[in-house]
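# Observations on chain architecture
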Amino acid sequence: MEHDLVVFVPGFLGTRLCRDGQDVWARCSESLIHSSPTAGTLAEVALPPGLGDALPENRFRLDAGELLTSPDSVPGLMSCMGYPDIRAALGDPLTAQFVSFTYDWRLSHRLVARQLRTRVARELDRWGEQVDAHYPDRPDDPGVILVCHSTGGLIGRHYLECEDGRKTARALVTLGTPQKGLAQAARLLAGHAIPGTGGPGEGARARLNEVLRDWALDLPAVAEMLPVYAAVRVEGKSRPRTVADHRYPVPGLPAAAVRDVLGFHEKFRSARDGHRRTDPDGQLPYTVHCLGSGDYPTPEAITLSPDGSYLTSGDNSPLGPGDGTVPRLSALADWAVGDQSPMLWTGFRNADMASSAALRDVLIAVRRGSHPGGMLAGDEGIALHFPAPAVVAGRPFAVELLGHNLQGRNLRTFMWRSGRTAKQPVVFEEHGTDRYRAELEATPGRWWVEAVVDSPKRFDRKDVTVFAV
């Protein structure tokens, strides 16, 4: 309802991690791209091994600063466009009734859910004392509308079902949440975040993968992103398998990380099943609205060699429909209402799903107590596709653009470096029916490619990390 407290929970990367007022992650990630990475490149943002659900010692702690407002990414895992207009995207709640919950995104989602419980209780008490001045004719006491982007939805659902958040919740809105995990997390923890097939730059790619893996292995949040659906394919075998399959374990993926993600999901499922037995008709006491997309090629699985001894090249990894980060089959929140997921399919990528264009109308409807409708995407979308999430500086790389009659719809394409405003045009040439292709080259950094068409108006943008050799 319109008088409810609106709490926004960003996803992985969505909070600036600081020490002494300086954005430590931004500094480390720039070093990762612009120089030959070493074991010490990410030392300032590392955590000790075996942390589990605990807080780290002071020397490992970072302050949760403001929400991210500019694009960022972990190569091979995920991207975030930032949240520069989040208040507008949430339907312009009053300053006093809006809470942005920032947190250390390296930590366990279970731990952060407990932190969220403390923060929401404090903010709801505060808002309860102020609400009469703004909504004197409200029908009841204010509840909580929880809006969670990406992995923030894993925190939000855990808070609701495992930390008693359901007692005051009015609605949960998830935006591109990997309800069943990400295949990319398995590649990252196995040391293959950036796929390659040899050739120039292979040594730099291998070093980058090693540094990323060593860092991510000690981040509880990354282990809890591992896929719990059947995301492992074995060449020559017809049946897909899970990362917990003992016959074909994923090479390089620690068994402890697999145990962590299974325990994380089991605790949530157990709590949800317990509540289902006592909830009237088994229905949740709050509404759930899940935004997802099936418009973009998305990593759906990893592929092992026929004997299971190694991961194959990323070129052989299956792609399926999704939002570019979360596959459609992982976006489905079947826990919400039995096996029926209250999905709202939208035409936006995961990184853009918390933007005003994607979210505003949905939140206005939710705050009014209305259902926002089930189909937000049209049939005239466009999609960019990069064969790899990171490429070597100074060497050409291919970008594909998919869509119907794009040249007849005033196609405009650009690329720009993250943190800069100047855009340069990109020329795509036809490469088959409704398929276009461009070969690009760039200096080290995070680069974005954007495509825009009219009739109807559609756009897509996607990032690629260009790393130094």
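Below is a short write-up of the structure. (Residues numbered from 1 in each chain as written. Predicted model: local features only at pLDDT ≥ 70, side-chain atom pairs only at ≥ 80, totals over all residues. Heavy atoms only, no water.)

Another point: unusual backbone geometry. Positive phi is not limited to glycine here, since leucine 13 has a value of about 80°. Position of leucine 13 relative to the elements: it lies in the loop between strand 1 (5-9) and strand 2 (15-19). The phi angle at asparagine 410 is positive, at roughly 60°, despite the residue not being glycine. Here asparagine 410 lies in the loop between strand 18 (397-403) and strand 19 (412-417). (Helix = DSSP H or I, 4+ residues; strand = E, 2+ residues; numbered from the N terminus.)

Its location among the elements puts alanine 354 in the loop between strand 15 (343-345) and helix 10 (356-367). Taking the C-alpha atoms as reference points, alanine 354 and proline 387, 33 residues apart in sequence, are found 25 Å from one another. Not counting residues within four places of it along the chain, the set of residues in contact with alanine 354 comprises Phe8, Tyr83, Asp85, Ile86, Ala89, His149, Leu175 and Leu359. (Contact = heavy atoms within 4.5 Å.)

So, about the pairing of strand 1. In terms of burial, strand 1 is largely enclosed, as five of its five residues are buried. Burial along strand 1 is two-sided: Leu5, Val7 and Val9 facing one way and Val6 and Phe8 facing the other are all buried. Two strands pair when backbone bridges link them, and strand 1 and strand 8 (residues 144-149) are joined in this way by five bridges, in the parallel orientation. Note on strand 8: the bridge partner recorded for valine 6 is isoleucine 145. (Buried < 20%, exposed > 50% of the residue type's maximum accessible area, 1.4 Å probe, protein only. Pairing = 2+ DSSP bridges.)

Next up on the list: the sheet that holds strand 16 (residues 382-385). In sheet architecture, strand pairing relies on hydrogen bonds along the backbone and comes in two forms, parallel and antiparallel. In spatial order, the strands read 16-18-22-21; together these four strands make up an open sheet with antiparallel pairing. A strand with exactly one partner marks an edge of an open sheet, and here the two such strands are strand 16 and strand 21 (429-430). Bridge count for strand 21 against strand 22 (residues 435-440) is two bridges, and the pairing is antiparallel. Its bridge partner lying in strand 22, glutamate 429 is registered against arginine 437.

In this fold, histidine 265 is placed in helix 8 (residues 255-278). Residue classification places histidine 265 among the buried residues on the basis of a relative accessible area of 10%. In contact with histidine 265, other than residues within four places in its own chain, are Arg157, Gln179, Lys180, Glu224 and Val228.

Moving on, we come to the sheet that holds strand 2. Pairing is antiparallel across the open sheet formed by three strands, whose spatial order is 3-2-4. Each edge of the open sheet is held by one strand with a lone partner, namely strand 3 (22-23) and strand 4 (63-67). Two strands pair when backbone bridges link them, and strand 2 and strand 4 are joined in this way by three bridges, in the antiparallel orientation. Considered in strand 4, the bridge of leucine 17 is made with alanine 64.

At glycine 128, helix 3 (residues 109-134) shows its largest bend, some 40°. Looking at helix 3, one finds that the buried residues are His109, Arg110, Leu111, Val112, Ala113, Leu116, Val120, Glu123, Leu124, Trp127 and Val131. For helix 3, the elements touching its buried residues are strand 1, strand 7 (98-100), strand 8, helix 4 (152-162), helix 7 (220-223) and helix 8. The N-capping residue of helix 3, defined by a side-chain oxygen 3.0 Å from the backbone nitrogen of arginine 110, is serine 108. (Bend = angle between axes of the 7 residues up to and from the residue. Polar contact = N/O pair within 3.5 Å; in protein donor to acceptor, adjacent residues only side chain to side chain.)

Another aspect to go through is the environment of methionine 353. Position of methionine 353 among the secondary structure elements: in the loop between strand 15 and helix 10. Along the primary structure methionine 353 and alanine 89 are separated by 264 residues, whereas in three dimensions their C-alpha atoms are 9.8 Å apart. When neighbours within four sequence positions are excluded, methionine 353 is seen to be in contact with His149, Leu175, Gly176, Leu291, Gly292, Ser293, Asp323, Thr346, Phe348, Ala358 and Leu359.

Next up on the list: the packing of aromatic side chains. Inspection of the entire model under this criterion finds nine aromatic pairs. Considering the side-chain rings of phenylalanine 101 and tyrosine 103, the 5.7 Å spacing of their centres and the 20° angle between planes classify their relative orientation as stacked. No difference in accessibility class separates phenylalanine 101 from tyrosine 103, as the two residues are buried. Relative to tryptophan 335, the ring of phenylalanine 268 has its centre 5.2 Å away and its plane inclined at 90°; by these criteria the two rings are edge-to-face. (Phe/Tyr/Trp six-rings, centres within 6.5 Å; stacked < 30°, edge-to-face > 60°.)

Turning our eyes to something else, we now look at the nonpolar core. Soluble globular proteins tend to bury their nonpolar side chains together. Grouped together as the largest cluster of nonpolar side chains are 114 residues, with contacts concentrated most on Val7, Phe12 and Val147. No other element matches helix 3, which puts eight residues into this core. If we ignore the near neighbours within four places in the chain, the residues touching valine 147 are Val6, Val7, Phe8, Val9, Leu90, Val173, Leu175, Leu359 and Leu363. In terms of nonpolar packing, the next biggest core, distinct from the first, is built from 23 residues, Tyr436, Ala438, Trp447 and Val453 among them. (Core = buried A, V, L, I, M, F, W, Y, C linked by side-chain atoms within 4.5 Å.)

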